[in-house]
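A closer look at the structure
Letter by letter, the chains look like this.
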Amino acid sequence: MQITLIAVGKTDKAELEDLIAIYEKRLGHYVKFDFRIIPDIKNSKNLSEAQQKEKEGELILGQLQPTDTLILLDENGKQYTSVDFAQFLQKKMNSGIKNLVFAIGGPYGFSDSVYAKSTGKISLSKMTFSHQMVRLFVVEQLYRGFTILRNEPYHHQ
């Protein structure tokens, strides 16, 4: 199985990029991982929230293959403990999925068409985080999940 993380907009903090790169490298020991950044929408100030979500949605959906399984990082999604998330990953691997895609939307969330294509939603917390921080948290939790599945000492109960 491959895991892909799609995020809208670039990270403007080099420190975050460095931390994400550390976990991307670690994650590569367990699974093929692809991190794709969709550029910010140009002239977004001239667009309504709905128009911006629609344009971002088209770009997100354009990254997907018909066989991909799309999971959205969404404030209204299901919350997992790290161990439960590891079990979620294991179930996805056991089901024969070729590419498990996690998507982080833009500032206004996802378009209806992206919600329609997704097979689930995950919330990292009831708190709100910047979209840039969420990237780091997702990559770290993916790494943590694989260390849990391998009974490696990274995660402590």
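Residues numbered from 1 in each chain as written. Predicted model: local features only at pLDDT ≥ 70, side-chain atom pairs only at ≥ 80, totals over all residues. Heavy atoms only, no water.

Quick look at the overall build of the chain now. A count of helical and extended segments in the chain gives five helices and five strands. Ordered by position from N to C terminus, the α and β elements of the chain give β-α-β-α-β-α-β-α-β-α. Taking 15 Å as the expected radius of gyration for a compact globule of 157 residues, we find that the chain reaches 15 Å, a close match to that expectation. C-alpha atoms of the chain, sized along the principal axes, occupy 50 × 35 × 25 Å. A burial count over the chain gives 45% of its 157 residues as buried. Put simply, of all contacts in the chain between residues at least 6 apart along the chain, 85% involve residues at least 24 apart. (Helix = DSSP H or I, 4+ residues; strand = E, 2+ residues; numbered from the N terminus. Rg over C-alpha atoms; globule rule 2.2 N^0.38 Å. Buried < 20%, exposed > 50% of the residue type's maximum accessible area, 1.4 Å probe, protein only. Contact = heavy atoms within 4.5 Å.)

All right, on to the pattern of salt bridges then. For side chains bearing opposite charge, pairing can occur when the charged atoms are close. Under the definition given, this model contains two salt bridges. In this structure, the salt-bridge partner of Arg-36 is Asp-34, at a minimum N-O distance of 2.6 Å. A salt bridge links Arg-144 to Glu-140; its shortest N-O distance comes to 2.9 Å. With Arg-144 and Glu-140 both in helix H5 (residues 131–149), this residue pair falls four residues apart, about one helical turn. Overall, Arg-144 belongs to the buried group, its relative accessible area being 18%. Taking the relative accessible area as the measure of exposure, Glu-140 reaches 12% and is therefore buried. (Salt bridge = Lys/Arg side-chain N within 4 Å of Asp/Glu carboxyl O.)

Strand order in the open sheet formed by five strands is S2-S1-S4-S3-S5, and the pairing between neighbours is parallel. Edge positions in the sheet fall to strand S2 (32–38) and strand S5 (120–122), since each of these pairs with one other strand and no more. Each neighbouring strand pair of the sheet contributes to a mean axis angle of 30°, computed without reference to strand direction. Of the strands in this sheet, strand S1 (2–8), S2, strand S3 (69–78) and strand S4 (99–104) are in contact with H5, which crosses S1 at around 170°. (Pairing = 2+ DSSP bridges. Axes fitted to C-alpha atoms, helices over the stretch in contact; angles between N-to-C directions.)

Let's shift gears to unusual backbone geometry. Most of the time, phi is negative for any residue but glycine, and the peptide bond is trans. Even without glycine at this site, Asn-151 takes up a positive phi of about 55°. Among the secondary structure elements, Asn-151 is positioned in the segment after H5.

A surface patch of negative charge is lined by Asp-12, Glu-15, Glu-17 and Asp-18. As for its position among the elements, Asp-12 is in the loop between S1 and helix H1 (14–27). (Patch = residues over 30% accessible without salt bridge, like charges linked within 9 Å, V, L, I, M, F, W, Y side chains within 5 Å. Areas by Shrake-Rupley, 256 points an atom, 1.4 Å probe, with all protein chains shown as cover. Lys, Arg positive; Asp, Glu negative; His and termini not counted. Charge placed at Lys NZ, Arg CZ, Asp CG, Glu CD.)

Ranked by internal contacts, the top residues of the largest apolar core, which has 28 residues, are Ile-3, Leu-89, Phe-102 and Leu-142. Elements with a contribution of two residues or more to this core: S1, H1, S2, S3, helix H3 (82–94), S4 and H5. Sorting elements by how many residues they give to this core places H5 first, with seven residues. Setting aside residues no more than four positions away along its own chain, Leu-142 makes contact with Ile-3, Leu-27, Phe-33, Phe-85, Leu-89 and Phe-102. By size, the runner-up hydrophobic cluster in this structure holds eleven residues, among which are Val-8, Leu-64, Leu-72 and Val-114. (Core = buried A, V, L, I, M, F, W, Y, C linked by side-chain atoms within 4.5 Å.)

So, on to the confidence of the model for the chain. Looking at the chain as a whole, its pLDDT mean stands at 94, while 100% of the residues score no less than 70. Of all secondary-structure elements in the chain, the lowest mean pLDDT belongs to helix H2 (residues 49–62), at 93, while S4 reaches the highest, 98. (pLDDT = per-residue confidence, 0-100.)

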